[in-house]
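Here is what each chain is made of, one letter per residue.
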Amino acid sequence: MRSPADCGSVMVRVPGKINLALCSGPRRPDGYHDLVTVFQAVSVYDDVTAEHAPPGEISIEVTGQRASAVPIGPDNLAWRAAARLAAWAGLEHRVGVRLLIEKDIPVTGGMAGGSADAAGALLACATLWGVEIDQPALAGLGAELGADVPFCLLGGTALGVNRGDLLTPVLSRGSYHWLLALDERGLSTPTVFAKFDQLTPPGTQLMRAEEGVCDSLAKGDAELLGKALVNDLQPAAFNLRPDLAELHRCGLELGALGAVVSGSGPTVAFLCLDESAAIELSVKLSSEGRGGNLRRVHGPVPGARILG
Ligand code: C5P
């Protein structure tokens, strides 16, 4: 890491994610669910800039889409990330930070936007303050903040177990083209997990179903991947928002190779053969009146990285 004297500010770019497979067990005593998930980082990014502030001060400013829906105090995971890192380094009374978050990852969209900001804040603050911390320790702090934070630091394609926070990189050939259907209304992750609990018969155990996804990625076969996409939270998201089920069906009928709700939703990700197929699908969905807020992305892309 650079020394604090080297830089007046540090900007970090962090990607959002799609879950290509998300298999969930029942609720654990700590309120979380055991997951087996395959993450892919995709080309939609938040930029987190850290600037020195008076010792003990942490402030946040958010710009970009739906910025007003993002908290700017200790409820913001990025705020907590800065505070946690300062405490870890024993610097609480010696450092401060002003965090500027430029949001492009959908807010409460099931794409780890809040976790991405926490990952960005950890890396930006560590660099700004000259904190000596290695990647595993940074990921450990990230996991304390939120289950998806370690993946936002790592990026690429990875298998996540436990709460989704224990990661192993997954072999993935080629690049995958997605059309994302974004939804302004957002869906709360705890609400979707609660609906999942309600819909799951008692005694149901975690059923791993990620093998098809991992095989298709190893082969670099988008058509196979389209058929293998799986998300145990999808029925819960559809139950809460039946319009998402309609959208999902419509995208498949119009030629997507596969479709899946990303994480807890409401973003629906349509897999396409290539960029022109993604453009074609977006035109068709729009002409069916379902083109509200469509976004083309590709993955995998790298995790949190310092831009300058
Ligand atoms: O860890 P994070 O803050 O991202 O999780 C948000 C919420 O999602 C948790 O409070 C919990 O309700 C739910 N969750 C879960 N099991 C997981 C991950 C998240 O129940 N493995």
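The following paragraphs examine the structure supplied in this document. In this text the structure is predicted, and so the values were computed from the model without any measurement.

Scanning the model with the defined rule gives 21 salt bridges in all. Its salt-bridge partner being Arg163, residue Asp165 comes within 3.1 Å of it at the nearest N-O pair. Per residue, the accessibility class of Asp165 equals that of Arg163, and both read buried. Asp183 is paired through a salt bridge with Arg241; the nearest N and O atoms lie 2.5 Å apart.

Moving on: the pairing of strand S7 (residues 176-181). Counting buried residues along S7, six of its six residues qualify, which places the element largely inside the surrounding structure. Here S7 shows no split at all, with Tyr176, Trp178 and Leu180 on one side and His177, Leu179 and Ala181 on the other all buried. Bridge analysis of S7 against strand S11 (residues 294-299) gives six bridges, and the strand direction is antiparallel. Looking at the pairing, Ala181 lines up with Leu294 of S11. In this sheet, strand S10 (residues 268-272) lies alongside S7 in antiparallel orientation, the contact comprising five bridges. Paired with Leu179 across the two strands is Phe270, which belongs to S10.

Okay, the environment of Leu224 next. With respect to the element layout, Leu224 can be found in helix H7 (residues 222-228). Using a relative accessible area of 35% as the deciding quantity, one classes Leu224 as partly exposed. Taking the C-alpha atoms as reference, Leu224 lies 8.4 Å from Leu257; in sequence the two are 33 residues apart. For Leu224, the contacting residues outside a window of four places in its chain are Ser216 and Lys219.

In this section: the packing of helix H1 (residues 77-88) against helix H2 (residues 113-129). Here H1 crosses H2 at 35 degrees, and the two axes come no closer than 8 Å. In this structure, H1 meets H2 at a crossing whose hand is right-handed. Contact residues: Leu77, Ala78, Ala81, Ala82, Leu85 and Ala86 in H1; Gly114, Ser115, Asp117, Ala118, Ala121, Leu122, Cys125, Ala126 and Trp129 in H2. Residues that form the contact of H1 with H2 fall into these classes: twelve nonpolar, two polar and one charged.

Okay, the site of the ligand next. In the vicinity of the ligand, the contacting residues are Gly31, Tyr32, His33, Leu35, Gly146, Ala147, Arg163, Thr189, Pro190 and Phe193. In the model, an oxygen atom of the ligand is placed 2.9 Å from a nitrogen or oxygen of the Tyr32 side chain. A distance of 2.7 Å is found between an oxygen atom of the ligand and a side-chain nitrogen or oxygen belonging to His33. When the free accessible area of the ligand is taken as 450 Å², the share hidden by the protein chains comes to 78%. Judged by the proximity of its atoms to the pocket grid, the ligand belongs to the largest pocket. Of the residues that constitute the shell around the ligand, the class distribution is five nonpolar, four polar and one charged.

Moving on, we get to the layout of surface pockets. In this structure, the largest pocket spans a volume of roughly 1200 Å³. Forming the walls of the largest pocket are 42 residues, and the residues nearest its centre are Leu77, Ser115, Asp148, Thr189 and Pro190. Of all the secondary structure elements, the ones that give two or more residues to the lining of the largest pocket are strand S1 (9-27), strand S2 (33-52), H1, H2 and helix H5 (189-199). Looking at the lining of the largest pocket residue by residue, the class counts come to 18 nonpolar, 16 polar and eight charged. For the lining of the largest pocket, the two domains that each supply at least three residues are domain 1 (4-170) and domain 2 (176-299).

Conventions used here
Residues numbered from 1 in each chain as written. Predicted model: local features only at pLDDT ≥ 70, side-chain atom pairs only at ≥ 80, totals over all residues. Heavy atoms only, no water. Salt bridge = Lys/Arg side-chain N within 4 Å of Asp/Glu carboxyl O. Buried < 20%, exposed > 50% of the residue type's maximum accessible area, 1.4 Å probe, protein only. Helix = DSSP H or I, 4+ residues; strand = E, 2+ residues; numbered from the N terminus. Pairing = 2+ DSSP bridges. Contact = heavy atoms within 4.5 Å. Axes fitted to C-alpha atoms, helices over the stretch in contact; angles between N-to-C directions. Left-handed = near helix turned anticlockwise from the far one by under 90°. Nonpolar A, V, L, I, M, F, W, Y, C, P; charged D, E, K, R; others polar. Near = heavy atom within 4 Å. Polar contact = N/O pair within 3.5 Å; in protein donor to acceptor, adjacent residues only side chain to side chain. Areas by Shrake-Rupley, 256 points an atom, 1.4 Å probe, with all protein chains shown as cover. 1 Å grid on protein atoms, 1.4 Å probe; cavity = no way out; pocket = protein on both sides within 12 Å on 5 of 7 lines; lining within 4 Å. Sits in = over half its atoms within 2 Å of the grid points. Points joined across faces, edges and corners; volume = space filled by probe spheres on them. Domains from an automatic or database assignment.

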